[in-house]
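Structural description and commentary
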Amino acid sequence: MATSHTSPSSPAAAAAASSPSSRRRTNAPPRRPRPSSESPPRKMRSIAEIMAVTAPAADQVQDDVYGGDVTCDGGGRYGDVACEKCGSGERDDELLLCDMCDRGFHMRCLRPIVVRVPIGQWFCVDCSDQRPVRCYSQRKIMHFFRIEKSIDGTEKPELSQETTKHKRRSRPLTMTKRKRRLLPFVPAKDPLQRDAQLRTLASALTSLNMKYSNELTYVPGMAPRSANQSMFEIGGVQVLPKEDFETLEQSRAMNRRGEYPPLVVVEDQFQGFTVEADGPIKDFTLIAEYAGDVDYLKNREKDDCDSIMTLLLSEDPSKSLVICPDKYGNISRFISGINNHNRYGKKKQNCKCVRYSINGEVRVLIVATRDIAKGERLYYDYNGYEHEYPTHHFL
């Protein structure tokens, strides 16, 4: 029996036949082909695009604070900054800006000189707690070095060389080897020049928180004076001749009158404080006596002071003494040492340290080994008696 297929006549039947659930799709619709040259679509921007349209945070802060007048090409607020000391705006790579007052200072114009660019914040002398280098008046200079005055207020007159000359003795017929005698220093004749020389020394001592002393000091808790005996030295110490002792006493008398060797303390950006001759100095001239605190060597084995001087070498190492000019000292504290590992070091040496027995005690005198011209810096050998001090880094 055959049946016939007829289309649905009712609207409900037509809706059921056209519904999605009643139909099955076997093939997916074809996609549009994409050209190979096109890049895939991006949902986020790259960091280069973001940085191109975004200003740095530091510039935004500066723009808000200074009204947008700060630029990075040298103009704007900091474009015309000049050094407060020399007034020049050149060498901007050496110009330091105070983080508090925004004033500029050249590293070489500061005192003491700034060798390297500081890390982190930097403040000038007016904005920090650092004490500036003091400028001493003549009255303060005389009080600092304890210079004596006469009753009328003037400096004591210098003894003439005619009165200090000894009577000439008759020489024997036999020839003897002539002994060299220490010569007293010749101070500058101009009082203003002498005051300027003492100001440099006073400023250097003050910057290191040191006090002036022209002799050995014995502080409680360190080595007593009784430990400084020349008889404890290994092999003994040479005794200072009578003529040289008179020269030493004459130099001390000149120091009490305010007369010192023609020397100035200058500051070098690489070596720090150094001593420079402000006038000619003859060979074998007594320059100064090494001064400072006397202490046992065993107490200073780990001390980082760069100017410790050997005073006494005893057979018992626990009784060996050194001079430590970290609290008290004179101009000998700033004389530089030579590099023992450089062939040019010996050529720079123009003075030496000599130990003498004076009244049973060991003292260290600095003596010129050749003629020293004006403007020449003073150098001596740190390892004159032992080769233990490292001088590899010396210039």
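Residues numbered from 1 in each chain as written. Predicted model: local features only at pLDDT ≥ 70, side-chain atom pairs only at ≥ 80, totals over all residues. Heavy atoms only, no water.

Going by this rule: UniProt positions are given in the numbering used here, feature names are shortened, and annotations may be inferred rather than shown by experiment.
Looking at an unreviewed UniProt entry, the protein chain carries the name [histone H3]-lysine(27) N-methyltransferase, with the source organism given as Raphanus sativus. Database annotation for the protein chain, UniProt heading Subcellular location (unreviewed entry): "Nucleus". Taken directly from UniProt, the Catalytic activity (unreviewed entry) text for the protein chain runs: "L-lysyl(27)-[histone H3] + S-adenosyl-L-methionine = N(6)-methyl-L-lysyl(27)-[histone H3] + S-adenosyl-L-homocysteine + H(+)".

Concerning the overall build of the protein chain
In plain terms, the rule: To qualify as a helix, a DSSP run of H or I must reach at least 4 residues; to qualify as a strand, a run of E must reach at least 2; elements of each kind are numbered from the N terminus. Between buried and exposed lies partly exposed: a residue is buried under 20% and exposed over 50% of the maximum accessible area for its type, with that area taken using a 1.4 Å probe on protein chains only. Contacts between residues were defined by any pair of non-hydrogen atoms, one from each residue, lying within 4.5 Å. The Shrake-Rupley method, run with a 1.4 Å probe, gives the accessible areas here. Residue values count only the displayed protein chains as cover.
Along the protein chain, the regular secondary structure elements total 8 helices and 15 strands. Every one of the 395 residues in the protein chain was classed for burial, and the buried ones make up 34%. Long-range pairs, those at least 24 residues apart, make up 69% of the contacts in the protein chain with a sequence separation of at least 6. For the protein chain, the exposed surface amounts to about 26,900 Å²; the carbon and sulfur share of it is 52%.

Remarks on the packing of aromatic side chains
Stated precisely, the cut-off is as follows: Ring geometry is summarised as follows: Phe, Tyr and Trp rings, the Trp one being its six-membered ring, pair when their centres sit within 6.5 Å, and such pairs are stacked at plane angles under 30 degrees, edge-to-face over 60 and tilted between the two.
For the coordinates displayed, the defined rule picks out 3 aromatic pairs. On the basis of an interplanar angle of 65° and a centroid distance of 6.1 Å, the ring pair of Phe105 and Trp122 is categorised as edge-to-face. With Phe105 in strand β2 (residues 104-106) and Trp122 in the loop between β2 and α4 (138-144), the pair connects residues that are 17 residues apart, well separated along the chain. Each ring, one from Tyr212 and one from Tyr260, has its centre 6.4 Å from the other, and the planes form 75°; the classification is edge-to-face. Taken together, the residues span a long stretch of sequence, with Tyr212 in strand β3 (residues 211-212) and Tyr260 in the loop between α7 (242-256) and β5 (263-268) at a distance of 48 residues.

Details of the environment of Val219
Position of Val219 relative to the elements: it lies in the loop between β4 (216-217) and α7. Exposure remark for Val219: the relative accessible area of 29% places this residue in the partly exposed category. Spatially, the C-alpha atom of Val219 lies 8.5 Å from that of Asp295, the residues being 76 residues apart in sequence.

Side note on the sheet that holds strand β9 (residues 309-312)
So the rule is basically this: Paired strands are those between which DSSP finds at least two bridges.
In spatial order, the strands read β4-β8-β10-β9; together these 4 strands make up an open sheet with mixed pairing. Of all strands in the sheet, those bounded by a partner on one side alone are β4 and β9. Of the strand pairs in this sheet, β4 and strand β8 (residues 292-296) are connected by 2 bridges, and their pairing is parallel. Bridge pairing in β8 links Leu216 to Gly292.

What about the environment of Glu84?
One can find Glu84 in the loop between α3 (57-66) and β1 (95-97). C-alpha of Glu84 to C-alpha of Phe105: the two residues are 21 residues apart in sequence and 5.8 Å apart in space. Not counting residues up to four positions away in its chain, the partners in contact with Glu84 are Arg103, Gly104 and Phe105.

Here's the deal with the pattern of salt bridges
For clarity, the cut-off: A side-chain nitrogen of Lys or Arg and a carboxyl oxygen of Asp or Glu constitute a salt bridge if their distance falls within 4 Å.
Here the structure, examined in full by the defined rule, presents 14 salt bridges. Put simply, Glu361 and Arg225 hold a salt bridge, and the shortest N to O gap is 2.8 Å. Of this pair, Glu361 sits in strand β14 (residues 361-368) while Arg225 sits in the loop between β4 and α7; the two residues are 136 residues apart in sequence, bridging distant segments of the chain. The buried category is assigned to Glu361, whose relative accessible area is 12%. Where Glu289 meets Arg363, a salt bridge forms, and the shortest distance between an N and an O atom there is 2.6 Å. With Glu289 in strand β7 (residues 286-289) and Arg363 in strand β14, this residue pair connects regions lying 74 residues apart in the sequence. For the residue pair Glu289 and Arg363, the accessibility class agrees, reading buried in each case.

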